[in-house]
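Structural features, examined
Below are the chains, spelled out letter by letter.
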Amino acid sequence: MEALLSNEREAQILAARELGKLATKLRQKLPEKGIISRLVMMLRTQDYEATEAALCSTLSSFSQNKIRIANSGAIPVLLEIIQCQKESLIDLAAAALLVLPSCSANKLAIAASGAIPILFGKQSEMIEKARALLEKMVSLSEIALKEVAETASLVIHFLVEAIEEGTPLCKEHAAAMLLVMCQSCRDRCKSRDWQKILGLQKDRGKKKKNVGFHPLQQFLFR
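Everything in this summary refers to the structure shown in the same document. Think of each chain on its own: its residues are numbered from 1, step by step along the sequence as written. Totals for whole chains, interfaces and linings use every residue, but because this is a predicted model, local features are given only for residues with pLDDT of at least 70 and side-chain atom pairs only at 80 or more, for both listing and counting. The basis for every side-chain value is the complete set of heavy atoms in the structure, and neither hydrogens nor water enter the calculation.

Paired rings are identified among Phe, Tyr and Trp, the last through its six-membered ring, by centres lying within 6.5 Å, and are further divided according to the angle between planes into stacked (under 30 degrees), edge-to-face (over 60) and tilted (the rest). Throughout the structure, instances matching the rule amount to zero aromatic pairs. Sitting over a ring, as applied to charges here, requires NZ of Lys or CZ of Arg to be within 6 Å of the ring centre and within 35 degrees of the ring normal. The lysine or arginine in question, Lys86, covers the ring of Tyr48, its NZ or CZ lying 5.4 Å from the ring centre. Looking at Arg131, its charged tip hangs above the ring of Phe120, at a distance of 5.6 Å from the centre.

With that settled, the discussion passes to the environment of Val99. With respect to the element layout, Val99 can be found in helix α7 (residues 87-99). Measuring from C-alpha to C-alpha, the distance between Val99 and Lys66 comes to 8.0 Å, with 33 residues separating the pair along the chain. What counts as a helix is a DSSP run of H or I of at least four residues, what counts as a strand is a run of E of at least two, and both are numbered from the N terminus.

Tracing the backbone shows Glu128 in helix α10 (residues 125-140). What makes Glu128 buried here is its relative accessible area of 13%. Definition of a polar contact: a pair of N or O atoms within 3.5 Å, with one able to donate and the other able to accept a hydrogen when the atoms are protein atoms, and with sequence-neighbouring residues admitted only if both atoms are side-chain atoms. Reaching out from Glu128, the side chain makes a polar contact with the backbone nitrogen of Cys170 at a distance of 3.4 Å. Beyond its immediate chain neighbours, meaning those up to four positions away, Glu128 contacts Gln123, Thr167, Leu169, Cys170 and His173. Only protein chains enter the accessibility calculation, which uses a 1.4 Å probe; a residue is then buried when its area is under 20% of its type maximum, exposed when over 50%, and partly exposed in between. Residues are treated as being in contact if the distance between any of their heavy atoms lies within 4.5 Å.

Right, let's get into the packing of α10 against helix α13 (residues 168-184). Lines fitted to the C-alpha atoms define the axes, with helices restricted to the stretch that makes contact. Angles between their N-to-C directions range from 0 to 180 degrees. Interaxial distance between α10 and α13 falls to 10 Å at its minimum, and their mutual angle equals 20 degrees. Our classification of the angle between α10 and α13 gives roughly parallel. Crossing geometry of α10 relative to α13 is assigned as left-handed. Residue-level inspection shows Glu128, Arg131, Ala132, Leu134, Glu135, Val138 and Ser139 of α10 in contact with α13, the latter providing Leu169, Cys170, His173, Ala176, Met177 and Val180. Angles are sorted into four bins: roughly parallel if under 35 degrees, roughly antiparallel if over 145, roughly perpendicular if 65 to 115, and oblique for all others. Helix crossings are classified by the rotation of the near helix relative to the far one: an anticlockwise turn of less than a right angle makes the crossing left-handed, while a clockwise turn makes it right-handed.

Encoded structure:
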């Protein structure tokens, strides 16, 4: 893995690709020795080939080091890649993001990372899975819910927009997250800022039904 740690672009890309081809048992026997931080560094570049190679080898190559991967700054970098225009990179980054939350610490890091506006602003099968995972984390973890709720005023617009404009599954995930956030703090969901956005949705709900939104309307506007 010396090539991966070198400063030669082509050697790094080739080494990352070869790393991804190794059998799982062989990958697990490799000493970390800066490999994870180098992969994350490759993810930060604007070089398509380097980013793709790092994602393919990705971080899943060292699944036993998920906390170290997150601590190396991978989560915000993966979210940045998801915002790019390359569909192949978007799906690879979303797939890598799905690997990390099996560790509780990483669930909190993802919940606090600002993932909601990003994941609810994209559409793909892999992104759909990432949204489902995010909803599950927020629904099952009080700490993760608290992390997301801290930025509630910044994300409710994106969730409401997803309910109005998203795919049926996207609508369900967004509505479920809004409902859980409201249930965690009634005072917050009754605030003027929330009512300004969600009050409009109440009126629209009379004209059209959105998948998964009816339980949320019952809770918010009763």
